[in-house]
Amino acid sequence: MRFRHPDGSTVHLAYCTNVHPAETLDGILAQLRDHCEPVRRRLGRDRLGIGLWLAKDAAQVLVTDPSALRGLRTELDRRGLEVVTLNGFPYEGFGAEEVKYRVYRPDWADPERLEHTTSLARVLAHLLPDDVTEGSISTLPLAWRTVYDDTRAARARTALRTLAERLDAVAELTGRSIRVGLEPEPGCTVETTADAIGPLTDIGHDRIGICVDTCHLATSFEDPRTALDALTRAGVPVVKSQLSAALHAEHPHHPEVREALAAFDEPRFLHQTRTSTAAGPRGTDDLGEALTGDVLPDAAPWRAHFHVPLHAAPAAPLTSTLPVLKAALTHLVGGPHPLTRHLEVETYTWQALPPELRPRGRAQLADGIAAELALARDLLTDLGLKELP
């Protein structure tokens with residue numbers, strides 16, 4: 001979906017296909033047929049943006065086989081789909097029964113991460129629509145914090161500088177500018193937008209910036225305006241933003257709130273949980289850790305890294321951080337010029353929701369994704385953007 005900003009620029013809205021985990025090219029082609037095109041039809045649009053997740057094996061096929069790449073581009077066009085952004089965070093195995101800490105490997109100190117991201121950039125340059133010259137890729141925020149020492153930090157910085165050089169080469173060869181954004185996430189070396197400023201200014205290249213995920217922003221109790229203003233002052237580009245909402249518990253000391261939270265403590269994904277205290281943020285790596293014992297203070301609200309559907313907040317006594325998303329979006333695209341032109345709804349946890357909230361079959365999932373995109377569309381038009389055909 002495309003929108004005209006009042007300044008005349010085009011803002012793109014997509015949804016991320018990591019909600020349909022497939023790791024082969026055949027699986028991706030099936031996604032387009034079984035999920036993405038039905039979502040487009042529900043929205044009544046001739047064209048729908050999707051943020052592709054390309055796992056290692058699929059990316060390798062596409063970067064080495066020109067006919068496969070042409071075939072994917074043809075299939076996108078045939079089904080009324082377009083790609084301006086990729087999710088390069090998960091490397092492989094995102095559809096496994098247990099993902100948890102695996103999603104942070106390989107990290108930016110490992111050569112596989114650089115090679116994979118380079119492949120994604122080369123693929124994206126050829127998937128962009130004919131009238132689009134800029135693409136974006138979100139990626140791991142360096143590493144999970146417990147495996148990151150000075151030696152690995154130096155390797156990661158070198159890898160990102162090499163990536164910047166390769167992105168320059170892609171632009172020279174194709175005329176397409178591909179930018180990569182580190183995506184701050186609780187528990188990682190770059191946990192917050194503030195943590196990103198130092199490494200990104202050290203790298204000092206305008207093709208390497210930040211991806212602002214509004215669920216992660218909220219989980220870390222960051223104020224959107226403060227965070228985004230700091231990025232602007234530091235000259236850190238917002239390459240893209242993922243529109244997502246976290247799980248919010250206002251009174252975590254109440255037994256009924258603990259019981260409601262426990263329904264979201266599922267085994268597949270890591271649900272980092274945070275609270276804000278006078279001494280600063282406190283947190284656990286997973287929701288289950290917060291619910292057992294006295295590890296996390298419960299005098300103030302808790303937020304958990306669980307991407308809940310944008311249009312359907314959990315039932316009381318829980319809610320979502322949709323207000324944080326709205327505040328961030330206002331600052332991202334509501335001013336005289338957009339801070340980013342790539343927006344991506346990223347709710348990958350539909351099948352990890354409590355059983356009674358999960359979609360039953362493809363049709364219900366498509367209904368839910370379309371409803372999320374419709375909400376995002378309405379937020380954008382309320383900010384003065386005009387939806388384009």
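The structure displayed is predicted, hence computed values, not measured ones.

(A) Summary view of the overall build of the chain. Of regular secondary structure, the chain possesses 12 helices and 15 strands. Here the C-alpha radius of gyration of the chain, 20 Å, is about what a compact globule of 389 residues would show, namely 21 Å. Here the C-alpha coordinates of the chain stretch approximately 55 × 50 × 45 Å along the principal axes. Restricting the contact set of the chain to residue pairs at least 6 apart, pairs at least 24 apart contribute 79%. Here the chain has roughly 15100 Å² of accessible surface; of this, 50% comes from carbon and sulfur atoms. Taken together, the 42 basic and 54 acidic charged side chains of the chain have centroids lying 5 Å from each other.

(B) Representation of the environment of Thr-158 within the structure. Structurally, the position occupied by Thr-158 is in helix H5 (residues 150-174). With a relative accessible area of 47%, Thr-158 lands in the partly exposed category. The spatial distance from the C-alpha of Thr-158 to the C-alpha of Leu-114 is 10.0 Å, given a sequence separation of 44 residues.

(C) Inspection of the sheet that holds strand E9 (residues 245-249) at higher detail. The antiparallel open sheet is built from five strands, whose spatial order is E11-E10-E12-E9-E13. Each having just a single partner strand, strand E11 (280-284) and strand E13 (318-320) make up the two edges of the open sheet. Between one strand axis and the next, the sheet turns through 30 degrees on average, direction left out of account. Bridge count for strand E10 (residues 273-277) against strand E12 (residues 302-308) is three bridges, and the pairing is antiparallel. What sits directly across from Arg-274, in E12, is Arg-303.

(D) A look at the packing of helix H6 (residues 193-203) against helix H8 (residues 224-234). Where H6 meets H8, the axes come as close as 10 Å, and the angle between the chain directions of the two elements is 10 degrees. Judged by the inter-axis angle, H6 sits roughly parallel to H8. Across the interface between the two elements, Thr-193, Ile-197 and Thr-201 of H6 pack against Ala-227, Ala-230, Leu-231 and Ala-234 of H8.

(E) Representation of helix H11 (residues 322-333) in the model. For H11, which comprises 12 residues, the first-to-last C-alpha distance of 16 Å matches the rise-based estimate of 16 Å (1.5 Å per residue) to within 8%. Along H11, the residues that are buried comprise Leu-322, Val-324, Leu-325, Ala-328, Leu-329, His-331, Leu-332 and Val-333.

(F) Structural view of the environment of Tyr-101. Relative to the elements of secondary structure, Tyr-101 occurs in the loop between strand E4 (81-87) and helix H4 (111-127). It is 21 Å that separates the C-alpha atoms of Tyr-101 and Thr-193, two residues lying 92 residues apart in sequence. If near-sequence neighbours (up to four positions away) are discounted, Tyr-101 is found in contact with Trp-144, Leu-270, Asp-285 and Glu-289. Side chain to side chain, Tyr-101 and Asp-285 meet in a polar contact 2.9 Å long.

(G) Broad picture of the pairing of E12. The buried count for E12 comes to seven of seven residues, which makes it a mostly enclosed element. Taken together, the four bridges between E9 and E12 define a ladder with antiparallel strand orientation. Paired with His-248 across the strands is Arg-303, a residue of E12.

(H) Looking closely at the pattern of salt bridges. As enumerated under the stated definition, the model contains 29 salt bridges in all. Across the salt bridge formed by Arg-341 and Glu-134, the nearest N and O atoms sit 2.7 Å from each other. One end of the pair, Arg-341, is in the loop between H11 and strand E14 (342-345); the other, Glu-134, is in strand E5 (residues 134-139), and 207 residues separate them in sequence. Looking at Glu-134, the relative accessible area reads 31%, which means it is partly exposed. Connected via shared salt-bridge partners are Glu-37, Arg-40, Arg-41, Glu-75, Arg-78 and Arg-79.

(I) Quick look at the nonpolar core. One finds Leu-13, Tyr-15, Ile-50, Trp-108 and Leu-373 to be the most contacted residues of the largest nonpolar core, which totals 115 residues. Looking at which element gives the most residues to this core, the answer is helix H12 (residues 362-382), with 10 residues. Apart from the residues within four sequence positions on either side, Tyr-15 is in contact with His-20, His-35, Cys-36, Val-39, Leu-48, Gly-49, Ile-50, Gly-51, Glu-344, Val-345, Ile-369 and Leu-373. If you look at the next biggest cluster of nonpolar residues, it comprises five residues, including Leu-217, Ala-227, Val-324 and Ala-328.

(J) Fine view of unusual backbone geometry. Cis geometry is adopted by the peptide bond preceding Pro-106, which originates at Arg-105 and carries an omega value of -10 degrees. With respect to the helices, strands and loops of the structure, Pro-106 is situated in the loop between E4 and H4. The omega angle of the peptide bond from Ala-316 to Pro-317 is 15 degrees, so this bond is cis rather than trans. In this structure, Pro-317 sits in the loop between E12 and E13. Backbone geometry places Leu-142, a non-glycine residue, at a positive phi of 75 degrees. Positionally, Leu-142 belongs in the loop between E5 and H5. On the basis of relative accessible area, Leu-142 is assigned to the buried category, the value being 5%. Positive phi is not limited to glycine here, since Phe-221 has a value of about 55 degrees. Within the fold, Phe-221 resides in the loop between helix H7 (214-219) and H8.

(K) Here's a closer look at the packing of aromatic side chains. Across all of its chains, the model carries eight aromatic pairs by this definition. Centre to centre, the rings of Phe-94 and Phe-269 are 5.2 Å apart; their planes meet at 45 degrees, and the pair counts as tilted. Of this pair, Phe-94 sits in the loop between E4 and H4 while Phe-269 sits in the loop between helix H9 (255-262) and E10, and the two are 175 residues apart along the sequence. Here Phe-94 and Phe-269 have matching classes, each one buried. Pairwise contacts between aromatic rings join Trp-53, Phe-94, Phe-269 and Tyr-348 into one cluster.

Reading guide: rules and limits
Residues numbered from 1 in each chain as written. Predicted model: local features only at pLDDT ≥ 70, side-chain atom pairs only at ≥ 80, totals over all residues. Heavy atoms only, no water. Helix = DSSP H or I, 4+ residues; strand = E, 2+ residues; numbered from the N terminus. Rg over C-alpha atoms; globule rule 2.2 N^0.38 Å. Contact = heavy atoms within 4.5 Å. Areas by Shrake-Rupley, 256 points an atom, 1.4 Å probe, with all protein chains shown as cover. Lys, Arg positive; Asp, Glu negative; His and termini not counted. Charge placed at Lys NZ, Arg CZ, Asp CG, Glu CD. Buried < 20%, exposed > 50% of the residue type's maximum accessible area, 1.4 Å probe, protein only. Pairing = 2+ DSSP bridges. Axes fitted to C-alpha atoms, helices over the stretch in contact; angles between N-to-C directions. Parallel < 35°, antiparallel > 145°, perpendicular 65-115°, else oblique. Expected span 1.5 Å × (residues − 1). Polar contact = N/O pair within 3.5 Å; in protein donor to acceptor, adjacent residues only side chain to side chain. Salt bridge = Lys/Arg side-chain N within 4 Å of Asp/Glu carboxyl O. Core = buried A, V, L, I, M, F, W, Y, C linked by side-chain atoms within 4.5 Å. Phe/Tyr/Trp six-rings, centres within 6.5 Å; stacked < 30°, edge-to-face > 60°.

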